[in-house]
Amino acid sequence: MKSFDGLKRKRIFLFRHGEVSYLNKENQPVKHPTEVSLTKKGLKEAKLIDTNTKNFIFDRIGCSGLLRTKQTAELLHKRRNLKLLIYPELEEIKGGTEKNTKKPDIAKDIAYHFENITSEEDKFFGSGEKYLTVKKRVISKLESILKEEWSSMALILHGGVNSVILSWMSDMPITGAAKFDQVPGCMNILDFDLDSTNKIRRKLIRVVNIPPDIYNSNLNNFTNWEGVAKEIQQFL
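Every value quoted in this text rests on a predicted model; they were computed, and no experiment measured them.

Engineer: Just give me the short version of the sheet that holds strand β1 (residues 8-16), but keep the residues and values in it.
Structural biologist: Overall, mixed pairing links the six strands, which are arranged β3-β2-β4-β1-β5-β6 in an open sheet. Among the strands making up the open sheet, the edge pair consists of β3 (84-86) and β6 (200-210). Each strand axis lies, on average, 25° off the axis of its neighbour in the sheet, ignoring direction. For strand β5 (residues 187-194) and β6, the ladder comprises seven bridges, and the chain directions are antiparallel. By the bridge assignment for β6, L190 is matched with I205.

Structural data, given as structure tokens:
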């Protein structure tokens, strides 16, 4: 693809994985949040993503490697007989185990963590990953992927990571990630115009946060992160 001014245009179809739950069958918090799988609704959302994009041309399909992204990507790569590429650098922001003493209301700290960042040295969930680290690893890997040879690709990632990418696309600080909600299974379309040295000259957000079942989707009153906080609030 080419831009009007002759630059090389690459397109990323950026998805969030389908719905997951951080509670187990006994209605208790899961021991390993990174290992959660799609719910029945999440699996339906993955099927809808595949159906909605069956005529889309993808040169590549990638995900973070966490189970929920692999499950969401499965039908997409099998339909096209493409290898599923794994990018661990694009895993979701990592939480900690210690409470943030400066933010005693843990549920609100989770629900509004992006907008409450006072410094990129801040950490998610008290002792989790630094926001600066998240931004660096995600954007660095994305820039590396853009330098490789392809034209159109699908990336199945996470709500937090997608929001960081969208804030970067908009030339915002990382607090701007709070402006971009990502519902389960949503699709974003991002265009990048590159020169002959593969330097990014233009970043464009073409579509953002389109749910997989758009015609039967009642937008939840809560944002994605508010929903997570609500689900686990009683255990905090």
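Engineer: Residues and numbers for the packing of aromatic side chains, please.
Structural biologist: Tallying each qualifying case throughout the model produces seven aromatic pairs. With a centroid separation of 6.2 Å and 80° between ring planes, the pair formed by F56 and F58 is classed as edge-to-face. Among the aromatic residues, ring-to-ring pairing joins F114, F124, Y131 and W225 into one connected group. Of note, K10 hangs over the ring of W150, and the distance from its end group to the ring centre comes to 5.0 Å.

Engineer: Can you explain the side chain of S163? Please cite residues and give values.
Structural biologist: Locating S163 in the fold gives a position in helix α5 (residues 159-169). Not counting the four nearest positions on each side in its chain, S163 is found in contact with F114, A177, F180 and Q182.

Engineer: Can you break down the pattern of salt bridges residue by residue, with the values?
Structural biologist: With the rule as written, the count across this model stands at 13 salt bridges. Taking the shortest distance from any N to any O, the salt bridge between K203 and D171 comes out at 3.1 Å. Residue K203 is located in strand β6, and its partner D171 is located in the loop between α5 and β5; the two are separated by 32 residues in the primary sequence. On the accessibility criterion, K203 (22% relative accessible area) is partly exposed. Here the salt bridges share partners, and the residues they tie into one network are D5, R9, D193 and R202.

Engineer: Break down helix α1 (residues 40-52) for me, citing the residues and quoting the values.
Structural biologist: An ideal rise of 1.5 Å per residue puts 18 Å on 13 residues; α1 measures up with 18 Å between its terminal C-alpha atoms. Looking at the buried positions of α1, the neighbouring elements they touch are β1 and α2 (67-80).

Engineer: Account for the pairing of strand β4 (residues 152-157), naming residues and giving values.
Structural biologist: Among the six residues that make up β4, six are buried, leaving the element largely enclosed by the rest of the structure. Taking every second residue as pointing to the same face, both faces of β4 are buried, with S152, A154 and I156 on one and M153, L155 and L157 on the other. Where β1 meets β4, six bridges bridge the pair, whose relative direction is parallel. Bridge pairing in β4 links R11 to S152. Two strands pair when backbone bridges link them, and strand β2 (residues 60-63) and β4 are joined in this way by four bridges, in the parallel orientation. Within β4, the residue paired with C63 across the bridge is I156.

Engineer: Provide a residue-level description of the environment of N188, including the pertinent values.
Structural biologist: For N188, the position within the fold is in strand β5. Separated by 2.7 Å, the side chains of N188 and Q182 make a polar contact.

Engineer: Report on the nonpolar core, specifying residues and quantitative values.
Structural biologist: Formed by 43 residues in total, the largest nonpolar core has its most connected members in I12, F114, L155, I165 and F192. Breaking this core down by element, the ones donating at least two residues are β1, α3 (106-111), α4 (131-146), β4, α5, β5 and α6 (224-232). When residues of this core are assigned to their parent elements, the largest contribution, seven residues, is made by α4. Contact partners of F114, with chain neighbours within four places excluded, come to Y131, G160, S163, V164, I174, T175, A177, A178 and W225. Ranked by size, the runner-up nonpolar core spans 13 residues in total, among them F15, I61, L76 and L84.

Engineer: Requested: an account of the pairing of β2, with residues and values cited.
Structural biologist: Two faces make up the sheet, and in a regular strand the side chains alternate between them. Of the two faces of β2, the one lined by R60 and G62 and the one lined by I61 and C63 are each fully buried. Where β2 meets β3, three bridges bridge the pair, whose relative direction is parallel. Each bridged residue has a counterpart across the sheet, and for I61 the counterpart in β3 is L84. A crossover links β2 with its parallel partner β3, the connecting element being α2, and its sense is right-handed.

What counts and how
Residue positions are counted from 1 within each chain, in the order its sequence is given. Side-chain atom pairs in this predicted model are given and counted only at pLDDT of 80 or more, local residue features only at pLDDT of at least 70, and totals for whole chains, interfaces and linings cover all residues. For the side-chain quantities, the full set of heavy atoms in the structure was used; hydrogens and water were omitted. Between any two strands, at least two bridges found by DSSP are needed for them to pair. In this description a helix means any DSSP run of H or I spanning at least four residues, a strand means any run of E spanning at least two, and both kinds are numbered starting from the N terminus. To get an axis, fit a line to the C-alpha atoms, keeping to the stretch in contact for a helix; angles then go from 0 to 180 degrees between the N-to-C directions. Each Phe, Tyr or Trp ring (for Trp, its six-membered ring) is paired with any other whose centre lies within 6.5 Å, and the angle between the two planes then decides the class: stacked below 30 degrees, edge-to-face above 60, tilted in between. Any Lys NZ or Arg CZ found within 6 Å of a ring centre and within 35 degrees of that ring's normal is scored as a charge over the ring. Any two residues whose heavy atoms approach within 4.5 Å are treated as being in contact. One speaks of a salt bridge when a side-chain nitrogen belonging to Lys or Arg is within 4 Å of a carboxyl oxygen belonging to Asp or Glu. Each residue's exposure class comes from its accessible area (1.4 Å probe, protein chains only) as a fraction of the maximum for that residue type: buried when under 20%, exposed when over 50%, partly exposed otherwise. Any helix carries an expected span of 1.5 Å times its number of residues minus one. Within 3.5 Å is the distance limit for a polar contact, defined as a pair of N or O atoms, with the added protein rule that one can donate a hydrogen and the other accept it, and that residues adjacent in sequence qualify only through two side-chain atoms. In this description, a nonpolar core means a group of buried Ala, Val, Leu, Ile, Met, Phe, Trp, Tyr and Cys residues linked to one another through side-chain atoms lying within 4.5 Å. Seen with its strands pointing away from the viewer, a crossover is right-handed if its path from the first strand over the helix to the second goes clockwise.

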